[in-house]
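These are the residues of each chain, in order.
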Amino acid sequence: MTTHDLRTAEWTAAPLPVSHPDSVALIRRYYAELIARYYGRPTDDPEISEVIAEEPSDDLVPPTGIFVVAGIDGAPVGCLGLRVLDAGTAELTRMFVAPEARGRGVAAGLIATVEDLARSTFGSRVIRLDTRADLVEARALYARQGYREIERYNDSPYADHWFEKTLG
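Every residue gets a number counted from 1 within its own chain, in the order that chain's sequence is written. Residue-level local features of this predicted model are given only where pLDDT is at least 70; pairs of side-chain atoms are given and counted only at 80 or more, and the full residue set underlies all totals for whole chains, interfaces and linings. Each side-chain value is derived from all of the structure's non-hydrogen atoms; neither hydrogens nor water enter the calculation.

*Asks:* Even after reading the chapter, I still don't get the overall build of the chain, so can you show me in this structure?
*Replies:* Under the DSSP-based scheme used, a helix requires at least four consecutive residues in state H or I and a strand at least two consecutive residues in state E, with every element numbered from the N terminus. Looking only at helices and strands, the chain has four helices and seven strands in total. Helices and strands in the chain line up, N terminus first, as β-α-α-β-β-β-α-β-α-β-β. Expressed as lengths along the three principal axes of its C-alpha atoms, the size of the chain is roughly 50 × 35 × 30 Å. Residue contacts are defined here by distance: any two heavy atoms, one from each residue, within 4.5 Å place the two residues in contact. Considering only contacts in the chain between residues 6 or more positions apart, those separated by 24 or more positions represent 60%.

Next comes the structure, spelled out in C-alpha cells:
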C-alpha cells in the first residue's frame, strides 16, 4: 500500500460549477465546520442541509458569481466563492480549506485566483467579505492578504467583522 503525503503534493485551483458533486461536498464540509465551531458541538446532515437551504450558493455562477475549487491529485480540498455585489464590487464567500490541506498556501492561492477572476471576468475593483469573531485564523489570513477592516456593509446575522480590498 502506498501513502500520499498531502504536505508535499502539488495543488491546483480552478472554477467548478457550484452544483458539481465536489463543490457540494466542500460546501457541506464548510458548513459542518462553521456550525460545530459556532455552537461548540458536532452537527449532522439534516442541520447542514437546513443551513444550506437558508443560505444558498446558487448565485455563485456567472454572471452573478463564480466558485473555485482547489484540489490535490484530483481530490477536492478547498473552495472559495465570489459573489457580484454591484458593477465594481464583489464579495468573497464560502472560504474553506480541509484540515488535511491547511498550512500549504491553499487559502492564499484560492484568494489570489478569485481576485484575478474578479478583475478579469467581472470587472471588480473592490472585494469585500464578512466573517465571525471566532474565526480568528480567517481574520488573520485576510489581513495578510491585504484586506482591511471596514464598517458593516451587510446585514448578515452571523458576521462580526467586515473587510475590503481594492484590487490593483
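Having seen the model, we can carry on.
*Asks:* Quick question: what am I supposed to make of the pattern of salt bridges here?
*Replies:* Opposite charge on two side chains lets them pair, provided their charged atoms get close. A side-chain nitrogen of Lys or Arg and a carboxyl oxygen of Asp or Glu constitute a salt bridge if their distance falls within 4 Å. Applying the stated criterion across every chain, the model contains 12 salt bridges. The shortest N-O distance in the salt bridge between Glu33 and Arg102 comes to 2.7 Å. Here Glu33 is found in helix H1 (residues 21–39), whereas its partner Arg102 is found in the loop between strand S4 (89–97) and helix H3 (106–122), with 69 residues between them in sequence. Note on exposure labels: buried denotes an accessible area under 20% of the residue type's maximum, exposed denotes more than 50%, and partly exposed covers the range between, all computed with a 1.4 Å probe on protein chains only. For Glu33, a relative accessible area of 25% translates into the label partly exposed. Across the pair Glu47 and Arg41 runs a salt bridge, and its minimum N-O distance is 2.8 Å. With relative accessibility at 34%, the residue Arg41 sits in the partly exposed group. Residues joined by salt bridges that share partners form a network here, namely Asp59, Arg83 and Glu91.

*Asks:* Hey, could you run me through the packing of aromatic side chains in this one?
*Replies:* In this description, a pair of aromatic rings is defined by centroid distance and the angle of the planes. Working definition: a ring pair exists when centres of Phe, Tyr or Trp rings (six-membered ring for Trp) sit within 6.5 Å. Plane angles under 30 degrees give stacked, over 60 give edge-to-face, the rest tilted. In total, this model carries five aromatic pairs according to the counting rule given. Considering the side-chain rings of Tyr38 and Tyr158, the 5.5 Å spacing of their centres and the 85° angle between planes classify their relative orientation as edge-to-face. With a gap of 120 residues between them, Tyr38 in helix H1 and Tyr158 in the loop between strand S6 (148–150) and strand S7 (161–166) connect regions that are remote in the sequence. Through pairs of rings, three or more aromatic residues link up here, namely Tyr38, Tyr39 and Tyr158.

*Asks:* Help me understand helix H2 (residues 45–54), please; the structure alone is not making it clear to me.
*Replies:* Burial in H2 covers these residues: Glu47, Ile48 and Val51. One side of H2 carries all its buried residues, which in axial view fall inside an arc of 100°. In H2, those exposed residues whose orientation departs by more than 90 degrees from the buried face are Asp45, Pro46 and Ala53. For H2, the secondary structure elements touched by its buried residues are H1. Polar contacts, as counted here, are pairs of nitrogen or oxygen atoms within 3.5 Å of one another; within protein the pair requires one atom able to donate a hydrogen and one able to accept it, and residues that are adjacent in sequence qualify only if both atoms are side-chain atoms. Between the side-chain oxygen at the start of H2 and the backbone nitrogen of Glu47 there is a gap of 3.0 Å, and the oxygen is on Asp44. Note that the arc is computed from the directions linking the helix axis to the C-beta atoms.

*Asks:* Hey, could you run me through the sheet that holds S7 in this one?
*Replies:* Strands in a sheet are paired, the pairing made by backbone hydrogen bonds, and the direction either parallel or antiparallel. The strand order across the open sheet built from seven strands is S1-S2-S3-S4-S5-S7-S6, with neighbouring strands paired in mixed fashion. Here the strands that pair on one side only, and so sit at the sheet edges, are strand S1 (11–15) and S6. Strand after strand, the sheet turns through a mean of 30° between neighbouring axes, direction not considered. Strands qualify as paired when DSSP identifies two bridges or more between them. Direction of pairing for S1 relative to strand S2 (residues 65–72): antiparallel, over a ladder of five bridges. Along S2, the bridge assignment pairs Ala13 with Ala70. The axes are straight lines fitted to the C-alpha atoms, using for helices just the contacting stretch, and the angles between their N-to-C directions are given from 0 to 180°. Seen against the sheet, H1 touches S2, strand S3 (75–86) and S4 and runs at an angle of roughly 80° to S4.

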